[in-house]
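# Survey of secondary and tertiary structure
Residue strings, one per chain:
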Amino acid sequence: MTDAPWFRPAVTILAAFGAMMSLAAGMTLVERKVSAFIQERHGPNRVGPFGLLQPLADLIKFVFKEELAPDRANPLLFLLAPALACLPAMATFAALPFGFLDGKPMVVANLDVGVLYVLAVGSLGVYGIILGGWASNNKYSLLGGLRASAQMVSYEISLVLSLVSVIAVSGSLNLSEIVLAQDQRWNVLVQPVAALVFLVTMFAETNRHPFDFAECEPELVGGFHTEYSGMRFALFFLGEYIAMVVMSGFMAVLFFGGCDVPFLAIAATPWWAGALAMVVKMGFFLLLYVWVRWTLPRFRYDQLMYLGWRVLLPLSLANLAVTGVVLALDRQGAAQ
Amino acid sequence: MSEAAAMQARRAARERWFEYTAHGPADPLHGDPMALNMGPQHPSTHGVLRLRLLLDGETILEVDPDVGYLHRGKEKMAEDLGWRKFFPHTDRMDYCTPVMPNLSYALALERLAHVEVPERAQVIRVLFSELGRIAAHLIYTGTTGIDLGAVTMFFYCFREREKILDILDQWSGHRMNNTYVRLGGVAADLSPRVVEMVDQFSREFPAKLDEFEELLTGNRIWYGRNKGVAEISGEQAVAMGLTGPSLRGSGVAYDIRKAQPYSGYERYEFDVPIGTCGDCYDRYLVRIAEMRESCRIVRQALERLPGAAGDHLAHDTRFVLPPRGRVATSMEELIHQFKVVTAMALPRGEVYQAIESSKGELGFYLVSDGTPRPVRVYTRSPSFVSIQAIPTLAQGHLLSDMVAIIGSLDFVMGECDK
């Protein structure tokens, strides 16, 4: 059976789905525990040992909550929006390589255009937020949705430009090959500016604090999800956490060598060590998400525009130009 | 067009818009402004304030504050309750600032009745007023933090405030509305344990403030959210009647503790911090600096306490309850107690007495016709005045700035609505 052609993909899909779901669910607990630690509280500690079963309890609560829809809300879009917010985040997870087994990458879909795929599908997530805001028939939700769309336009260009320089250095759009190209030297050492731009924009991409304007509890009450309850709300919630997991994985793969264990060649690394390295790196950035959220104040919505257009965009453009010139000179030197 | 006429026209246009967008076929998608109702149930209106906003995109064109959702008719109640029984109601006006509303009312009564307050009672009053100011400013820092996304600040500030409430608890048995200021002094003296707790708190607190400042003051995001938001000049602030930190943020060094000292504030050494440009950031800095000054005053009060002459309560049989033990043994004291409790009449006259509360000038205007019940009790509440500054301050700013403005004015609806 293990030789059957469907065996390895099936196992990979199951493993990836399980990893994604458990990471996202675990993150909800980690978020609450870490925030409690930062704020000198205990955090959830009633359900199971150390509150470990809290995500399960949350799930049960969400399932049994009544699902309310406001009067004159658009029923179809109102139903569709949470799924639209959650699915793209899930789909992007498929392109994340977790290591190499028998020389082949452990990934659901080893795409030659992996970077493009993640960017294209990941950007779709904002439709869920916009539609959710629009369909709720609530002015606060509408403002949240509008903010999300304006926000996306202003940072995604810098996000993509920062990735272009990585692609130029690695010479591939395939995420597994980008990992292999970092065997000797992680991209963060070659492209520190791009890594910095990516770090900032990944907070905006996932609508996380300090860029969570679409939600922005103090002024917009709940923003796009003000009117959502029950599992529909849970899907938005889950989408956010999966997006965090994916972006952290993306960060690890693009800049921190993915499954590469420092001072060890990728080919010589056992598959479990590679996967472990990948998860540890992801975990670090996930913790960073939480750490930032509970430490910093929130930006104002126009300040992100300023940051996006007048700081990050010139920075990533300059970085790209410098990268291009250096690569060209390098190639010329090699040719001579 | 004269200024008044221009304002009139603006108000008329605004009213029309609010009516129009509430009922009519307004079309915000094609250029019409959008009316947005903020509150009275809203996470960051600090109580039950309702704001009607007129928005162009996210830019605020007009704001119309609507107060009164917490109106309990306190002033009218006073006319029925009599002088003494109104004390607990003053607590429940500004419930974020322990002791101070009490003190304001007590000072007004004492001026009307010409009662001398012993020095020891005055020191205790100053001590707890300043602790109350710190507690109130901590609420300001915490809630403004949460409004601007620094959620953790809220927990840090409330942790410190909790220590002050514990001190109040140890002193009076109540954490918030203790009603422990009386006509002629305070209800109970300080136990050694209370003195010890205050001493410890005032030693530790400046370091905690440094910690808060590390998180906020130099933070680029915090600075960006507050700097230049809702600037108001000193003249404008005076014209609007703003007092307290909101006025001092605009650079006007007016503090009633200095201008018309009460409870012996003239004997304490402290500075009045002022801002320069009167924006949210200056108001924040002023409040942080005021907490440091309050801490200084608390230290001085502690030093003054052992040498302070007199008791914690004046010995004035007309207005002050005699000690419990003597009532049981002395016929005269029993009569005094009976008279004070049932029919304490204050001399005919009227008086206005203000104190520097954490929100600004909190004053009581009392009219007495010589009977046990007041003819009129009027409260000059700083929060009410602060709220009327919102439309001017918010104009042209973004919706996100609205929460910064609300936070920086630091009002409490219980005192505004009364």
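Use the structure listed above.
Residue numbers run consecutively from 1 along every chain, following the written order of its sequence. Lettering for chains starts from A, numbering for ligands starts from 1, and both go in the order in which the items are written. Reporting of local features is limited, given that this is a predicted model, to residues whose pLDDT is at least 70; pairs of side-chain atoms are given and counted only at 80 or more, and all residues count toward the totals for whole chains, interfaces and linings. Note that water and hydrogens are dropped before the side-chain values are worked out from all heavy atoms of the structure.

On to the overall build of chain A, then. Per the secondary structure count, chain A includes 12 helices and 2 strands. A run of H or I in DSSP counts as a helix once it spans at least four residues, and a run of E counts as a strand once it spans at least two, with each numbered from the N terminus. The secondary structure elements of chain A, listed N-terminal to C-terminal, are α-α-α-β-β-α-α-α-α-α-α-α-α-α. Against the 2.2 N^0.38 benchmark of 20 Å for 336 residues, chain A shows a C-alpha radius of gyration of 21 Å, consistent with a compact globule. With the principal axes as the frame, chain A shows a C-alpha extent of 70 × 55 × 40 Å. Note on contacts: a residue pair qualifies if any of its non-hydrogen atoms lie within 4.5 Å across the two residues. When contacts within chain A are restricted to residue pairs at least 6 apart in sequence, long-range pairs at least 24 apart make up 80% of them. Note on areas: Shrake-Rupley with a 1.4 Å probe; residue coverage comes only from the protein chains shown. Per element, the accessible surface of chain A, about 15,500 Å² overall, is 71% carbon and sulfur. Where the 20 positive side-chain charges of chain A centre and where its 22 negative ones centre are 5 Å apart. Between the two quantities, the radius of gyration covers C-alpha atoms and the globule rule is 2.2 Å times the number of residues to the power 0.38. For the charge count, each Lys or Arg is scored as positive and each Asp or Glu as negative, with His and the chain ends excluded. To locate a charge, take NZ of a lysine, CZ of an arginine, CG of an aspartate or CD of a glutamate.

Let us look at the overall build of chain B. The secondary structure content of chain B amounts to 18 helices and 8 strands. For a compact globule of 418 residues, the expected C-alpha radius of gyration is about 22 Å, and chain B comes in at 23 Å, within 12% of that figure. For the C-alpha atoms alone, the extent of chain B along its principal axes is close to 85 × 50 × 35 Å. Using a 1.4 Å probe on the protein chains alone, a residue whose accessible area is under 20% of its type maximum counts as buried, one over 50% counts as exposed, and one in between counts as partly exposed. A buried classification covers 58% of the 418 residues belonging to chain B. When contacts within chain B are restricted to residue pairs at least 6 apart in sequence, those whose partners lie at least 24 apart make up 70%. As displayed, chain B has an accessible area near 16,400 Å², and 54% of this comes from carbon and sulfur atoms. Charge-centre separation for chain B: the mean point of 47 positive side chains lies 5 Å from the mean point of 55 negative side chains.

Residue and element names in this part refer to chain B. Among the 5 residues of strand 1 (residues 34-38), 4 are classified as buried, and the element is accordingly described as predominantly covered. The pairing criterion is simple: DSSP has to find at least two bridges between the two strands. Where strand 1 and strand 2 (residues 50-56) come together, 5 bridges link them in antiparallel fashion. Counted as the bridge partner of asparagine 37 is arginine 52 from strand 2.

Moving on: the sheet that holds strand 7 (residues 361-368) of chain B. Residue and element names in this part refer to chain B. On the basis of which strands lie adjacent, the open sheet formed by 3 strands has the order 6-7-8 and antiparallel pairing. A strand with exactly one partner marks an edge of an open sheet, and here the two such strands are strand 6 (349-356) and strand 8 (376-380). On average, adjacent strands in this sheet sit at an angle of 10° to one another, irrespective of strand direction. Here strand 6 runs beside strand 7; their pairing, made up of 8 bridges, is antiparallel. Considered in strand 7, the bridge of glutamate 350 is made with valine 367. Where helices are involved, their axes are fitted lines through C-alpha atoms of the stretch in contact, as for all axes, and angles between N-to-C directions lie from 0 to 180°. In this fold helix 4 (residues 100-113) packs onto strand 6 and strand 7, with an angle of close to 145° to the strand it touches most, strand 6.

It is worth spelling out the packing of helix 4 of chain B against helix 5 (residues 119-147) of chain B at this point. All names here are of chain B. Contact geometry of helix 4 with helix 5 gives a least axis separation of 9 Å together with a crossing angle of 145°. Taken together, the residues of helix 5 that come into contact with helix 4 (itself represented by Met100, Leu103, Ala106, Leu107 and Glu110) are Arg125, Ser129, Gly132 and Arg133. Residues are grouped as follows: Ala, Val, Leu, Ile, Met, Phe, Trp, Tyr, Cys and Pro are nonpolar; Asp, Glu, Lys and Arg are charged; all remaining types, including Gly, are polar. Residue classes in the contact of helix 4 with helix 5 are distributed as 4 nonpolar, 2 polar and 3 charged.

Residue-level contacts link 27 residues of chain A with 36 residues of chain B. Between chain A and chain B the total buried area reaches about 2,600 Å² when both faces are included, carbon and sulfur atoms providing 60% of it. One side-chain nitrogen of Lys or Arg within 4 Å of one carboxyl oxygen of Asp or Glu is enough to make a salt bridge. The salt bridge partner of glutamate 40 of chain A is arginine 159 of chain B, with a shortest N-O separation of 2.7 Å. The definition of a polar contact used here is a pair of N or O atoms within 3.5 Å, where within protein one atom must be able to donate a hydrogen and the other to accept one, and adjacent residues in sequence count solely through side-chain atom pairs. Our enumeration of links across chain A and chain B arrives at 13 residue pairs in polar contact (both at pLDDT 80 or more). Secondary-structure elements contributing two or more residues to the side of chain A that touches chain B are helix 5 (139-170), helix 9 (217-220) and helix 12 (301-335) of chain A. When grouped by side-chain class, the residues that make up the side of chain A that touches chain B number 13 nonpolar, 4 polar and 10 charged. Using a 1.4 Å probe, buried area is obtained as the accessible area two parts lose upon being combined, added over both of them.

Using the criterion set out here, one finds 41 salt bridges over all chains in the structure. Taken together, the shared-partner salt bridges in this structure form one network comprising Glu130, Arg133, Arg248, Asp255, Arg257, Glu290 and Glu356 of chain B.

In this section: the packing of aromatic side chains. Each aromatic pair joins two rings of Phe, Tyr and Trp (for Trp, the six-membered one) with centres within 6.5 Å, and gets the label stacked for planes under 30 degrees apart, edge-to-face for over 60, and tilted for any other angle. Tallying each qualifying case throughout the model produces 29 aromatic pairs over all chains. Here the aromatic cluster, defined as three or more aromatic residues joined through ring pairs, consists of Phe62, Phe233, Phe237 and Tyr241 of chain A. By definition, being over a ring means that NZ of Lys or CZ of Arg is both within 6 Å of the ring centre and within 35 degrees of the ring normal. One cation-aromatic arrangement involves arginine 41 of chain A over phenylalanine 155 of chain B; the distance from NZ or CZ to the ring centre is 4.9 Å. Looking at arginine 257 of chain B, its charged tip hangs above the ring of tyrosine 265 of chain B, at a distance of 5.8 Å from the centre.

Pairing is antiparallel across the open sheet formed by 3 strands, whose spatial order is 1-2-3 (chain B). Looking at which strands have only one partner, the edges of the open sheet turn out to be strand 1 and strand 3 (59-66) of chain B. Pairwise comparison of adjacent strand axes, ignoring direction, gives a mean angle of 20° for this sheet. Contacting strand 1 and strand 2 of chain B, helix 5 of chain A runs over the sheet at an angle of about 115° to strand 1 of chain B. Against the sheet, helix 17 (residues 399-409) of chain B makes contact with strand 1, strand 2 and strand 3 of chain B, and its axis sits at roughly 150° relative to strand 2 of chain B, the strand it touches most.

Residues and elements named next belong to chain B. Within the fold, glycine 218 resides in the loop between helix 7 (192-216) and helix 8 (220-226). On the basis of relative accessibility, which here comes to 68%, the residue glycine 218 falls in the exposed class. Sequence separation between glycine 218 and serine 202 is 16 residues; the distance between their C-alpha atoms is 24 Å.

This paragraph deals with helix 7 of chain B. Residues and elements named next belong to chain B. End to end, helix 7 covers 36 Å across 25 residues, agreeing with the expected 36 Å (1.5 Å per residue, within 8%). Restricting attention to buried positions, one finds in helix 7 the residues Val194, Met197, Val198, Phe201, Ser202, Phe205, Leu209, Phe212 and Leu216. Against the buried residues of helix 7 lie helix 5, helix 6 (151-172), helix 8 and helix 12 (280-304). Expected span, for any helix, means 1.5 Å times one less than how many residues it has.

All names here are of chain B. Note that a disulfide, as used here, is simply two cysteine sulfur atoms within 2.5 Å. The final tally for this structure, using the stated rule, is 0 disulfides over all chains. With no disulfide of its own, cysteine 96 has cysteine 416 as its nearest cysteine by sulfur position, at a separation of 13 Å. Using a relative accessible area of 14% as the deciding quantity, one classes cysteine 96 as buried.

All names here are of chain A. Close contact between helix 5 and helix 10 (residues 230-255) brings their axes to 11 Å; oriented N to C, the two are set at 30°. Here helix 5 lies roughly parallel to helix 10, going by the angle between them. The two elements helix 5 and helix 10 meet at a crossing, and its hand is left-handed. Together, Leu159, Leu163 and Val166 of helix 5 and Met247, Phe250, Leu254 and Phe255 of helix 10 make up the contact between the two elements. Orientation is classified from the angle alone, with under 35 degrees giving roughly parallel, over 145 giving roughly antiparallel, 65 to 115 giving roughly perpendicular, and any other angle giving oblique. Handedness of a crossing follows from how the near helix is turned relative to the far one, being left-handed for an anticlockwise turn of less than a right angle and right-handed for a clockwise one.

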